[in-house]
Amino acid sequence: MDSTQPEIDICIVGAGLSGLTAAYKILSKESTLKVIILEGGDKIGGELQSSSLGELGGKWITPDQYHVYDLCRKLNVPITRREKPPPNLQRSWEIDRGFYGALARFEVQRLIGRINLLSAQFYPGAFKLSKDDITMEDFISSQLLFEQSRQFMRCFIRFIAGVEATDISYSEFMSICEGSGDLSELIALLTGTSSMTLEFSSEQLLSKLEKEIGSYYIFLKSNVTEVVHYVNYALVRDDRNNVFRTNVLIIAVPWQISQRIVFYPPIPQELRTPLFESKYMMSSFLIQYPENHWRKKGFSGSLILHNPHMICYEYRPNVYGGLVAHEEDFDKILQPVILNRLSQVFGAEMGIPAKWLQKTWEQPAVLNLPTTTPWNHIIWGSTTAATSYRGCLSGAVQSGYRSAVHALLILRPQNIGWQDINEIGKAAAVRPRHSSLKLFLSSLNLYNTSVYAGVAGMVYVSYKLLKGVKRSYFG
Ligand SMILES: Cc1cc2nc3c(=O)[nH]c(=O)nc-3n(C[C@H](O)[C@H](O)[C@H](O)COP(=O)(O)OP(=O)(O)OC[C@H]3O[C@@H](n4cnc5c(N)ncnc54)[C@H](O)[C@@H]3O)c2cc1C
C-alpha cells in the first residue's frame, strides 16, 4: 500500500461522539497538530442524530454521566431537565398486566436491586470470565417465579447487551451493568423514567464540536477498510482507495464494527477481548400526532411490550417515541407493526399519525471488558472501549478523552498534565459498599421462598405421616 496523501499526525476513524470528542480534546491541548477524521457515513454524530421531531438516537443522560455533562458545559450546550407526564397517569408495561401483575413487579424490583448489589463486585480490574458460568437465562429462571417477570428481564437484557438471555453469561452481564452505571440506571435511561432525566440538543453539541475541530478536517463517506500498521506509523485505506499515512491512529468505532477493518499484521490475540456478536438491530422512532391521545385516555404513554421488544414513551406532549430491538429487515415493516400495537393499547387514533420518523442502527454488543491498551500507535476509542458508562453517551465522551490523552502521550507528552489523566478516571458517583447481610437479604425472592416453603411443607407433612404410622404400629 503506497502513501498517496501527505503525512498527518493523528487520524481518527469514526465521527461519532467519541471520535469528535477525541479530536476536540487533542486540538484544545495542541492546536498545531494535524488531525483528520474519516467518517464512513454521510454525516457526523453516529448514534447521536437529531431530526425535525427531536433526537432519534441517544437523547437522555442522568446527572451521574459526568463526562458528557462536562463536555456540554465546556461547549456551552444547555442541559435541561426532561419534562415528564404527570405522575397520576397510568403506565402500560406488560409486566403490570393480569392477576399476578403486582407480585411480578415486586419480584422484578427485588431482582434489579440484587443485580445492582452483585454487579458492584464486577469492576473491570476484578473481572474474570468463568468458563462454567451460568447463562442469564438460567439466572433469571432461578430467581423469578412468574413468566411475565422473566419476559421483562429478557427484554432489558436484549436492549442492554444486544443478545438473548440464553447467549450471555451471568458474569458478562454483571460486568456490563457495572461498566454502564447500574441496572436500575440503565432501565431508567431506556424508559426515561428517572426522576432526574436530563436532555440536550445533539445538533448544538455536534455543530459546536465541528466548529472547534474545523469541518475541513472531517472527511465524510470515507469508510476505512484496511490498516497497515508499522511500529511508528500506520497506513489507512478507505473504500474510495484514498490512503492516509498517520503517526497515530484512533479507532473510534464500536469494537464489533471495527473488527470488519482488515489489519496487517492482525490485531494480537491478547487485545481481542472475547466478544459475543450481536445479531440484532435497534430502531428508534418518533411519531407526531395532532393531539395527545394517550393522555386523554389517562395514560402516561410509558409502554413496554415484548412482541416485538419495544420500550416507548411520551417524548414531547404531542410526539410519541420509542425503541425497538429486532432482527434484520424488520425495520422495513416497523411503521405498520408499531402503529398497530399502539392502536391496540391507546386506541385507534394512534394509527393515524401526522408524521412518522425512524432510524435503524446495528446494535453493537457492549464488551464485557473494554480494550483500552493501545497497540503501538493504534488507540481504541468508542463507547464500547470506555471504562465508565460503557454503551452510553458518557462512555463515548470518556473514551474520547482517554484516546486523546493516549495520542498526546505519544506525540506531545509535555502537554499532558495530571488534570487530563484525572479527567479520564473521574467516575460518576462513588458506589456505596454493601454489607453481606444486605446481599443475603436480597437473595430472598418469591421463587426461592416458595421453594423453601414447599420443601418445609413437605417435611412437615412427611413428619406428620410418619408419626401417624408409628402410632398405628406401636401403640
Ligand atoms: C437509538 C439509540 C438510543 C440511544 N439512547 C441513549 C440515551 O438516551 N442515553 C445514552 O447515554 N446513550 C444512548 N444511546 C447510546 C449512545 O448514543 C452511544 O453510546 C454513543 O452515541 C456512541 O458513540 P460512539 O462515538 O462510541 O459510536 P458511534 O456513535 O457508533 O460512532 C461511530 C462512527 O463511526 C463510523 N464508522 C463505523 N465504521 C467505520 C469505518 N470503517 N470507517 C469510518 N467510519 C466508520 C460510524 O458511521 C459512526 O458515525 C443510544 C443509542 C441508540 C442507537
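- If you look the protein up in an unreviewed UniProt entry, it shows as Amine oxidase from Hermetia illucens.
- Reading the Cofactor (unreviewed entry) entry of the UniProt record for the protein gives the comment "FAD".
- One UniProt comment on the protein, placed under Subcellular location (unreviewed entry), says "Mitochondrion outer membrane".

### Overview of the pairing of strand S2 (residues 35–38)
Strand residues, when the strand is regular, have side chains that alternate between the two faces of the sheet.
Logical step 1: Residues Val 35 and Ile 37 of S2 are buried on one face, and the alternating residues Ile 36 and Leu 38, pointing to the opposite face, are buried as well.
Logical step 2: As a crossover connection, the stretch from strand S1 (residues 8–13) through helix H1 (residues 17–29) into S2 is right-handed.
Logical step 3: For S2 and strand S9 (residues 218–219), the ladder comprises two bridges, and the chain directions are parallel. Residue Ile 37 lies in a different strand from S9, and its bridge partner there is Ile 218.

### Details of the state of the cysteines
Logical step 1: In the structure shown here, the tally under the stated rule is zero disulfides.
Logical step 2: The closest cysteine sulfur to the non-disulfide-bonded Cys 72 is located on Cys 392, 14 Å from its own sulfur.
Logical step 3: The exposure class assigned to Cys 72 is buried, which follows from its relative accessible area of 0%.
Logical step 4: Cysteine Cys 312 remains unbridged, with the sulfur of Cys 155 as its closest cysteine sulfur at 9.9 Å.

### Concerning H1
Logical step 1: With 13 residues, H1 extends 18 Å between its outermost C-alpha atoms, agreeing within 8% with the 18 Å of an ideal straight helix rising 1.5 Å per residue.
Logical step 2: Burial analysis of H1 places 11 of its 13 residues in the buried class, which makes it a mostly covered element.
Logical step 3: Of all the residues in H1, the buried ones are Leu 17, Ser 18, Gly 19, Leu 20, Thr 21, Ala 22, Ala 23, Tyr 24, Lys 25, Ile 26 and Leu 27.

### Observations regarding the packing of aromatic side chains
Logical step 1: Using the criterion set out here, one finds 17 aromatic pairs in the structure.
Logical step 2: Geometrically, the ring pair formed by Tyr 100 and Phe 146 is stacked, given 5.0 Å between the ring centres and 25° between the ring planes. Residue Tyr 100 is located in the loop between strand S7 (90–93) and helix H3 (101–119), and its partner Phe 146 is located in the loop between helix H4 (136–143) and helix H5 (147–161); the two are separated by 46 residues in the primary sequence.
Logical step 3: Classification of Tyr 100 as partly exposed rests on a relative accessible area of 41%.
Logical step 4: For Phe 146, a relative accessible area of 12% puts it in the buried group.
Logical step 5: Taken together, a centroid distance of 5.8 Å and an interplanar angle of 70° make the contact between Tyr 320 and Phe 346 edge-to-face. One end of the pair, Tyr 320, is in strand S17 (residues 319–326); the other, Phe 346, is in helix H11 (residues 334–346), and 26 residues separate them in sequence.
Logical step 6: Connected via pairs of aromatic rings, a cluster forms that spans Tyr 289, Trp 294, Phe 299, Tyr 320 and Phe 346.

### Here's the deal with the pairing of strand S11 (residues 234–238)
Logical step 1: Burial analysis of S11 places four of its five residues in the buried class, which makes it a mostly covered element.
Logical step 2: Linkage of strand S10 (residues 224–229) to S11, two consecutive antiparallel strands, is achieved through a turn of four residues.
Logical step 3: Direction of pairing for S11 relative to strand S12 (residues 243–251): antiparallel, over a ladder of four bridges. Paired with Ala 234 across the bridge in S12 is Thr 246.
Logical step 4: Taken together, S11 and the strand that follows it, S12, pair antiparallel across an intervening segment of four residues, in which Asn 241 is found at a positive phi of about 70°.

### So, helix H2 (residues 66–74)
Logical step 1: Residues His 67, Val 68, Asp 70, Leu 71 and Cys 72 constitute the buried set of H2.
Logical step 2: On its buried side, H2 packs onto H1, strand S5 (60–61), helix H8 (202–213), helix H12 (393–411) and helix H13 (418–425).
Logical step 3: Positive phi appears at Asn 76, one or two residues downstream of H2, with a value of about 60°.

### A closer look at the environment of Thr 135
Logical step 1: On the secondary structure map, Thr 135 appears in the loop between H3 and H4.
Logical step 2: The spatial distance from the C-alpha of Thr 135 to the C-alpha of Ser 169 is 4.0 Å, given a sequence separation of 34 residues.
Logical step 3: In contact with Thr 135, not counting residues within four places along its chain, are Ala 165, Thr 166, Ile 168, Ser 169 and Tyr 170.

### Examining the UniProt feature "binding site: FAD" (unreviewed entry) in the protein
Logical step 1: As annotated in UniProt, the feature "binding site: FAD" (unreviewed entry) corresponds to Ser 18 and Val 224 in the numbering used here.
Logical step 2: Within the secondary structure layout, Ser 18 lies in helix H1.
Logical step 3: Setting aside chain neighbours within four positions, we find Ser 18 in contact with Ala 252, Gly 381, Ser 382, Thr 383, Ala 396, Ser 399 and Gly 400.
Logical step 4: Among the polar contacts listed, one links the side chain of Ser 18 to the backbone oxygen of Ala 396, at a separation of 3.4 Å.
Logical step 5: Counting through the fold element by element, Val 224 comes out in strand S10.

### A word on a positive patch on the surface
Logical step 1: Taken together, the side chains of Lys 464, Lys 467, Lys 470 and Arg 471 define a basic patch exposed on the protein surface.
Logical step 2: Here Lys 467 is to be found in helix H15 (residues 446–474).

### Side note on the site of the ligand
Logical step 1: Surveying the vicinity of the ligand reveals 35 residues, the closest of which are Glu 39, Glu 47, Trp 60, Thr 383 and Leu 393.
Logical step 2: Contact distances for the ligand include 3.2 Å between an oxygen atom and a backbone N or O atom of Lys 59.
Logical step 3: For the ligand, whose unbound accessible area comes to 1000 Å², protein coverage reaches 90%.
Logical step 4: The set of elements that each furnish at least two residues to the shell around the ligand consists of H1 and H12.
Logical step 5: In the shell around the ligand, the residues fall into 17 nonpolar, 15 polar and three charged.

Cut-offs and rules
Residues numbered from 1 in each chain as written. Predicted model: local features only at pLDDT ≥ 70, side-chain atom pairs only at ≥ 80, totals over all residues. Heavy atoms only, no water. UniProt positions renumbered as here; feature names shortened; annotations may be inferred. Buried < 20%, exposed > 50% of the residue type's maximum accessible area, 1.4 Å probe, protein only. Helix = DSSP H or I, 4+ residues; strand = E, 2+ residues; numbered from the N terminus. Right-handed = clockwise from strand over helix to strand, strands pointing away. Pairing = 2+ DSSP bridges. Disulfide = S-S within 2.5 Å. Expected span 1.5 Å × (residues − 1). Phe/Tyr/Trp six-rings, centres within 6.5 Å; stacked < 30°, edge-to-face > 60°. Contact = heavy atoms within 4.5 Å. Polar contact = N/O pair within 3.5 Å; in protein donor to acceptor, adjacent residues only side chain to side chain. Patch = residues over 30% accessible without salt bridge, like charges linked within 9 Å, V, L, I, M, F, W, Y side chains within 5 Å. Areas by Shrake-Rupley, 256 points an atom, 1.4 Å probe, with all protein chains shown as cover. Salt bridge = Lys/Arg side-chain N within 4 Å of Asp/Glu carboxyl O. Lys, Arg positive; Asp, Glu negative; His and termini not counted. Charge placed at Lys NZ, Arg CZ, Asp CG, Glu CD. Near = heavy atom within 4 Å. Nonpolar A, V, L, I, M, F, W, Y, C, P; charged D, E, K, R; others polar.

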